[in-house]
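# Results of the structural survey
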Amino acid sequence: MNEFLAVLVDGLIYSSWLFVIALGLTLIYGVMKILNMAHGSFYALGAYAAASMVGYWLNHGHAAMASYGVLVVAAVLVGLIAGPLVERGLRFMYGRDEMVLLLVTYALFLILEDVIKLIWGVNPYFVSEPYGLLGTLDFAGLTYPYYNLILIGVAVLAGGAVTLVLQYTRQGKLLLAVIHDREVSVAMGINVSRFYLVTFTIGTALAAIGGAVTAPTVSVVPGMGVEVIVLAFAVVVIGGLGSLQGAALGALIVGLVRSAAVHYLPQVELFCIYTVMALVLIFRPKGLFAAADVRKI
Amino acid sequence: MQMQGNTSHVIRALSFTFCLVLILILVVTPTVAQQPVRVGVVTFLSGAAAGPFGVPAKQAAEVVVEALNSGGKVPGYPLKGLNGAPIELVFVDEAGGTTKQVTEYRNLAQRVDLIIGYISSGDCLAVAPVADELKKLTIFFDCGTPRVFEDASYKYLFRTGATATMDNVAAALYLADAKPGLKKVAGINQNYAWGQDSWNDFIAAMKVLKTNVEVATAQWPQLLSGQYGAEISALLSSGADVVHSSFWGGDMEALVLQASPRGLFKKSTVVLTCGETGMYKLGNQVPDGTIISARGPFDMYAPDTELNRWFRKAYMDKFGGVPPSYPSYKMAQALLGLKSAWEKAKAKSPADVDKVIASFEHLSFEGPGGKVTMGLGKGHQAVQGMVIGTVKHEGSNVTYVNIKHYPADKVTPPDGVKAEDWIKSGFKK
């Protein structure tokens, strides 16, 4: 029983981490139809910025509790700086085939990896203080830092906020109109370029938040965005490209399957994730929540 | 008269030619003696392995070559460069996978006189046959797979670092001694050749030393996955007395950061066979009682010799007080091994490669980590003693206690015997 509970808790924590990263990816695809490979670099940028800023904050003797705020500020700054800059560059490619945009963002990913090395070098950065600061919780015979539970809260908050904005605000409804038909939206006077800019910036900030909340639990090193982007793609493909509910379900499935594999059959951990993805794609080639294509005459 | 005139013309012409040749010899000879030996150095300059391994190795190459080229600065190695010839380094990034590395090797071989490099075991296995095909003297300085010289033999290839077998055999010997009552062992190793070989060697050695030992769980996360929450839960639930891990770089550091607050280090004795590379920055986060290896007698386990003292000081002076880690030591070892072989052969230029190879085989030389003997693989593979210790914090300092030294023949199979067979035979000599 204890092991089953551990599977659930570990799966939920992992799913939350994955969802925060996949949310930005799915938002950008949903609105702009860009499969953004550079998302992994934004995640890494968020982690580096958080490690540097929290390190600076703590080294100058400021309140350790406020370091959680510094993590968020670091991620938002990355979103506000990198998002608009990259979106400006991508404007020249709008309207091109999705495959071309995928290659362009892959090139961008490689460039940003080198930019990170130029700024931070190749040595690891640690900022582990926020991870242990809140203490630990004993559950199901195991010890979990409260920080892990905060991660679940961050995922719920991020997913809830995006859903609320899309469903219940005027700007959200306008964005839904852009998602459904860009040309008609332009004809109706919606400033689509501005929506693209804002969406890309929010998507970038979400990736950076994923990196920032991860930074206290890992050694921030070059290449950390590579594995993340592969997993995030698996999540959005399972859920259906561009679907928020799909991303949530995809993250939950991947997290729980991986956790069960680690506990009961560790040698097939990696195999399990991609088997689930393959099975979903056999029966639902466009993912679990993919919207039906509208044929335009 | 006519003949006399012709003879004097001939004599004059011959004298002129002789003088010209003499002048040319006088002018050209010093230039030939000063011709630099171009050494290609292949190490990770990008990607996850650059920080813990590649860059420290590159920096060590710079420190050692700068000192060798100055002459008389490296204790025990008084001659300048390689027998008087300056060394010129050409760096190449090891990132990109085996196919790319084989192509890069072929390109590099045309530009340099010899090559030192390779951290990844996969790259070593791929490059090894190409070294003999191109007849290019090549020295592997770090990769750990014993298969390079167990499955084949090469003329132009040498490895101056010991194989990974000794890391895991020594870890098993250390544990059998330090924890006589241990019954359950668990592992968390990266799911690729390095992790699998390390775990297989460790558990095979453990079962020889403790016949009733039981595997509580063996975790196989993906390389660079970074998130180990579920694996740590599984390790905590397993009730293992000992957890073995060959994690390196960011993965090893993430495991320490995530497992420490969850109490894994209190519940089990954790052995980190590549732990040393993270100790300088992460030392204070690694709990007391953690068993740390440096993959040889390197860094904190290095002997207190004049050569080691010089190397540490020179490295720390050049790189802002950061001490050299084991990849730095292994790079220094490769360069000093080359120098020893080169000078023993009295080689004057890279054209004397056959003489250098003959001298390199079965050579013994001093590195900053102590004596290195090319004792396996028909004299092409180094063997070295092994050291392991346990972390103990004293105030803000990290110290190592219960340090044990294992001679090379205790942790390495005899020449011609595969590591796996040797372990399973009960370490028979």
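Reading guide: rules and limits
- Residues numbered from 1 in each chain as written.
- Chains lettered and ligands numbered in written order.
- Predicted model: local features only at pLDDT ≥ 70, side-chain atom pairs only at ≥ 80, totals over all residues.
- Helix = DSSP H or I, 4+ residues; strand = E, 2+ residues; numbered from the N terminus.
- Rg over C-alpha atoms; globule rule 2.2 N^0.38 Å.
- Buried ≥ 20, exposed ≤ 12 C-beta atoms within 10 Å, placed from the backbone.
- Contact = placed C-beta atoms within 7 Å.
- pLDDT = per-residue confidence, 0-100.
- Axes fitted to C-alpha atoms, helices over the stretch in contact; angles between N-to-C directions.
- Parallel < 35°, antiparallel > 145°, perpendicular 65-115°, else oblique.
- Left-handed = near helix turned anticlockwise from the far one by under 90°.
- Nonpolar A, V, L, I, M, F, W, Y, C, P; charged D, E, K, R; others polar.
- Expected span 1.5 Å × (residues − 1).
- Pairing = 2+ DSSP bridges.
- Right-handed = clockwise from strand over helix to strand, strands pointing away.
- Core = buried A, V, L, I, M, F, W, Y, C linked by C-beta atoms within 7 Å.
- Domains from an automatic or database assignment.

## A closer look at the overall build of chain A
The helix and strand inventory of chain A stands at twelve helices and two strands. Reading the secondary structure of chain A in the N-to-C direction produces α-α-α-α-α-β-β-α-α-α-α-α-α-α. Here chain A has a C-alpha radius of gyration of 19 Å; the compact-globule value for 297 residues is 19 Å, and the two agree. C-alpha atoms of chain A, sized along the principal axes, occupy 60 × 45 × 35 Å. In chain A, which comprises 297 residues, the share counted as buried stands at 51%. Summarising the internal contacts of chain A: among those between residues at least 6 apart in sequence, 77% fall at separations of at least 24.

## Let's talk about the confidence of the model for chain A
Summing up the model confidence of chain A, the mean pLDDT is 93 and the portion of residues at 70 or higher is 97%. Ranking the elements of chain A by mean pLDDT puts helix H8 (residues 182-187) of chain A last, at 91, and helix H2 (residues 39-59) of chain A first, at 97.

## A word on the environment of Ile 152 of chain A
Residue and element names in this part refer to chain A. Position of Ile 152 among the secondary structure elements: in helix H6 (residues 146-168). For Ile 152, a count of 16 C-beta atoms within 10 Å gives the class partly exposed. The sequence separation of Ile 152 and Val 100 amounts to 52 residues, and the corresponding C-alpha distance is 35 Å. With near-sequence residues (within four places) excluded, Ile 152 lies in contact with Leu 12, Ile 13 and Ser 16.

## Some thoughts on unusual backbone geometry
The general pattern is negative phi for most residues beyond glycine and trans for most peptide bonds. Residues and elements named next belong to chain B. Backbone geometry places Asp 299, a non-glycine residue, at a positive phi of 50°. With 24 C-beta atoms packed within 10 Å, Asp 299 lands in the buried category. Unlike most non-glycine residues, Phe 427 shows phi in positive territory, near 65°. Along the chain, Phe 427 turns up in the segment after helix H16 (419-424). Judged by local crowding, Phe 427 falls into the partly exposed class, with 18 C-beta atoms found within 10 Å.

## Examining the packing of helix H1 (residues 2-32) of chain A against H6 of chain A
Residue and element names in this part refer to chain A. Taken N-terminus to C-terminus, the directions of H1 and H6 make an angle of 30°; their axes are 8 Å apart at the nearest point. Considering their axes alone, H1 and H6 lie roughly parallel with respect to each other. The two elements H1 and H6 meet at a crossing, and its hand is left-handed. Where H1 approaches H6, its residues Leu 12, Ile 13, Ser 16, Trp 17, Phe 19, Val 20, Leu 23 and Leu 27 are matched on the opposing element by Asn 148, Leu 151, Ile 152, Val 154, Ala 155, Ala 158, Gly 159 and Val 162. In terms of residue class, the contact of H1 with H6 is built from 13 nonpolar, three polar and no charged.

## Digging into helix H10 (residues 224-239) of chain A
Given a rise of 1.5 Å per residue, 16 residues ought to cover 22 Å, and the 24 Å separating the end C-alpha atoms of H10 of chain A matches this to within 8%. Burial within H10 of chain A is extensive, with twelve of its 16 residues counted as buried. Taken as a whole, H10 of chain A has its buried residues at Met 224, Gly 225, Val 228, Ile 229, Leu 231, Ala 232, Ala 234, Val 235, Val 236, Val 237, Ile 238 and Gly 239 of chain A. Tucked inside the fold, the buried residues of H10 of chain A contact H1, H2, helix H11 (244-264) and helix H12 (269-283) of chain A together with helix H9 (249-259) of chain B. Directly after H10 of chain A, the chain includes Gly 240 of chain A, whose backbone phi takes a positive value near 110°.

## Thoughts on the pairing of strand E6 (residues 184-188) of chain B
All names here are of chain B. Most of E6 sits inside the fold, with four of its five residues counted as buried. In terms of strand pairing, E6 meets strand E7 (residues 214-219) through five bridges, oriented parallel. If you follow Lys 184 over to E7, its bridge partner there is Glu 214. Read as a crossover between parallel neighbours, the route from E6 over helix H7 (residues 193-209) to E7 is right-handed. In this sheet, strand E8 (residues 242-245) lies alongside E6 in parallel orientation, the contact comprising three bridges. Across the sheet, residue Ala 186 finds its bridge partner in E8, namely Val 243.

## Details of the nonpolar core
Core analysis: the biggest nonpolar cluster contains 226 residues, and Leu 18, Val 20, Ala 22, Ala 50 and Val 235 of chain A have the highest contact counts within it. Of all the elements, H1 of chain A adds the most residues to this core, at 19 residues. Both domain 1 (35-163 + 302-383) and domain 2 (165-294 + 385-424) of chain B contribute no fewer than three residues apiece to this core. For Ala 50 of chain A, the residues in contact, after removing those within four places along its chain, are Leu 71, Ala 74, Ala 75, Val 127, Gly 211, Ala 212 and Ala 215 of chain A.

## Topic: the interface of chain A and chain B
Taken residue by residue, the interface counts 37 residues in chain A and 36 residues in chain B. With six residues, H1 of chain A is the largest single contributor of residues to the side of chain A that touches chain B. Taken together, the residues of the side of chain A that touches chain B break down into 19 nonpolar, twelve polar and six charged.

## Section: the sheet that holds E7 of chain B
Residues and elements named next belong to chain B. The mixed open sheet is built from seven strands, whose spatial order is E7-E6-E8-E9-E10-E14-E15. Among the strands making up the open sheet, the edge pair consists of E7 and strand E15 (397-406). Within this sheet the neighbouring strands show an average axis-to-axis angle of 20°, counted without direction. Bridge count for E8 against strand E9 (residues 269-272) is four bridges, and the pairing is parallel. In the strand pairing of E9, His 244 is matched with Val 271. The sheet contacts of H7 involve E6, E7 and E8, and relative to E6 the element is tilted by about 170°.

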